[in-house]
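So the chains spell out like this:
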Amino acid sequence: MDPFVFKILTTAAILRAASGGVIPTFAGPWNAWVERFTTCSEDDKRIFLKISHFNPSKKYENQVWNGFMNVTVEMDDTWWSKGVLDVRSNNQWKENAFVFFFPKNGCSGAREILTEMFSKYFSKKGTPCRLVKRCVYFENTTVAHEYPRFPIMPYGYYRLKITAGVTGAQEPQYCLNMLCHIIPKIGS
Ligand SMILES: *[C@@H]1O[C@H](CO)[C@@H](O)[C@H](O)[C@H]1NC(C)=O
Ligand SMILES: *[C@@H]1O[C@H](CO)[C@@H](O)[C@H](O)[C@H]1NC(C)=O
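Residues numbered from 1 in each chain as written. Chains lettered and ligands numbered in written order. Predicted model: local features only at pLDDT ≥ 70, side-chain atom pairs only at ≥ 80, totals over all residues.

**What about the site of ligand 1?**
Then comes step 1: Neighbouring residues of ligand 1: Phe68, Asn70, Thr72 and Cys135.
Then comes step 2: Counted by class, the shell around ligand 1 contains two nonpolar, two polar and no charged residues. (Near = placed C-beta within 6 Å. Nonpolar A, V, L, I, M, F, W, Y, C, P; charged D, E, K, R; others polar.)

Structure representation (structure tokens):
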């Protein structure tokens, strides 16, 4: 098994099945498309993104992003980070379908699990992890979602909440919400 995935399953994160029973869906190789990506609060203006609609008849076309994500506080491995995926089932969100929690080394954890698209904003793998202050702009940027760490996922409609904060602080410095769809891998 991939050593990183092994680490996730053992120490760095908690991965558990949705509470309240079996998710009625199929799992397999997948692609994702994003419906919405925002901060958790309307007062937090650090993300402004217009993401093109996904066109099911043009599945091969990646979505186009316009806008920005503003990294206002530098993040490093003294931080924690967490990703919680809720899945839509019977018109309800089943919370905590998947949970990734990095109580320490939150920067490295995030750098590992994010796509190439986002991991490029972190310092290079093999060097101490840092997400530096900057405003990242997207101008007709095509975004491919590839998560080679997770080859198989249950298909469905997901709500992903990403939080990160300084060690010892309960309140996150960052809180992001993404609505996305996981669909069978295009072309397979
Ligand atoms: C990004 O954040 C910095 C620091 O808070 C601020 O000065 C800047 O105006 C922000 N940029 C955008 C596009 O909101
Ligand atoms: C982005 O794409 C739109 C529509 O294709 C085009 O009108 C616009 O000029 C493009 N903007 C940039 C910055 O390339």
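**Things to note about the sheet that holds strand 4 (residues 63-71)**
Then comes step 1: A sheet is described by the order of its strands in space; here three strands give the open sequence 3-4-9, paired in antiparallel fashion. The sheet is open, and its two borders are formed by strand 3 (47-51) and strand 9 (134-143), each paired with just one other strand. Within the sheet, the average angular offset between the axes of one strand and its neighbour, ignoring direction, is 5°.
Then comes step 2: Sheet analysis places strand 3 next to strand 4, joined by five bridges and oriented antiparallel. Across the sheet, Ile51 pairs through a bridge with Trp65, a residue of strand 4. (Pairing = 2+ DSSP bridges. Helix = DSSP H or I, 4+ residues; strand = E, 2+ residues; numbered from the N terminus. Axes fitted to C-alpha atoms, helices over the stretch in contact; angles between N-to-C directions.)

**Section: the confidence of the model for the protein chain**
Then comes step 1: Summary statistics for the protein chain give a mean pLDDT of 83 and a share of 85% for residues scoring 70 or more.
Then comes step 2: Across residues 1-24 the pLDDT falls below 50, and counting only partners more than four positions away or on other chains, this stretch makes 38 contacts in the model. (pLDDT = per-residue confidence, 0-100. Contact = placed C-beta atoms within 7 Å.)

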